[in-house]
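An overview of the molecular structure
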Amino acid sequence: MPRGERPRCPFCGSTETELFSLFGQQLLTAQYYCNRCHTPFEYIKGDDVLEDAKAKLTSSEE
Ligand SMILES: [Zn+2]
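Residues numbered from 1 in each chain as written. Predicted model: local features only at pLDDT ≥ 70, side-chain atom pairs only at ≥ 80, totals over all residues. Heavy atoms only, no water.

The name given to the protein chain in an unreviewed UniProt entry is PaaD zinc beta ribbon domain-containing protein, with the source organism recorded as Thermogemmatispora tikiterensis.

Here you go:
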């Protein structure tokens with residue numbers, strides 16, 4: 001997944017999703033929220049997700 005691209009919603013197929021929580025019910029999943037069908041879903045974390053979260057943290061510190 002290229003940087004900046006969002007995971008696809010498993011329910012409606014939209015990519016209008018956003019990182020909701022870094023920690024899902026399992027260690028390796030993060031929670032995403034679909035802005036189109038308003039459904040949270042879990043997505044397996046990769047380096048891109050961690051970078052996304054890091055970027056968020058960095059920008060909120062400034
Ligand atoms: Zn959706």
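Turning to the sheet that holds strand β1 (residues 17-21), a few remarks are in order. Reading across the sheet, the 3 strands line up as β1-β2-β3 and stay open at both edges, with antiparallel pairing between neighbours. In the strand order of this sheet, the two ends are held by β1 and β3 (40-44), each with one partner. This sheet shows a mean twist of 45° between the axes of neighbouring strands, independent of strand direction. As paired strands, β1 and strand β2 (residues 29-34) are joined by 4 bridges and run antiparallel to one another. Looking across to β2, one finds that Thr-17 is bridged to Cys-34. (Pairing = 2+ DSSP bridges. Helix = DSSP H or I, 4+ residues; strand = E, 2+ residues; numbered from the N terminus. Axes fitted to C-alpha atoms, helices over the stretch in contact; angles between N-to-C directions.)

Looking now at the side chain of Ser-14. With respect to the secondary-structure elements, Ser-14 resides in the segment before β1. Of the residues examined, Ser-14 reaches a relative accessible area of 5% and is grouped as buried. Of note is the side chain of Ser-14, whose polar atom sits 2.9 Å from the backbone nitrogen of Glu-16. Residue contacts for Ser-14: discarding those within four places in its chain leaves Pro-7, Arg-8, Cys-9, Cys-34 and Arg-36. (Buried < 20%, exposed > 50% of the residue type's maximum accessible area, 1.4 Å probe, protein only. Polar contact = N/O pair within 3.5 Å; in protein donor to acceptor, adjacent residues only side chain to side chain. Contact = heavy atoms within 4.5 Å.)

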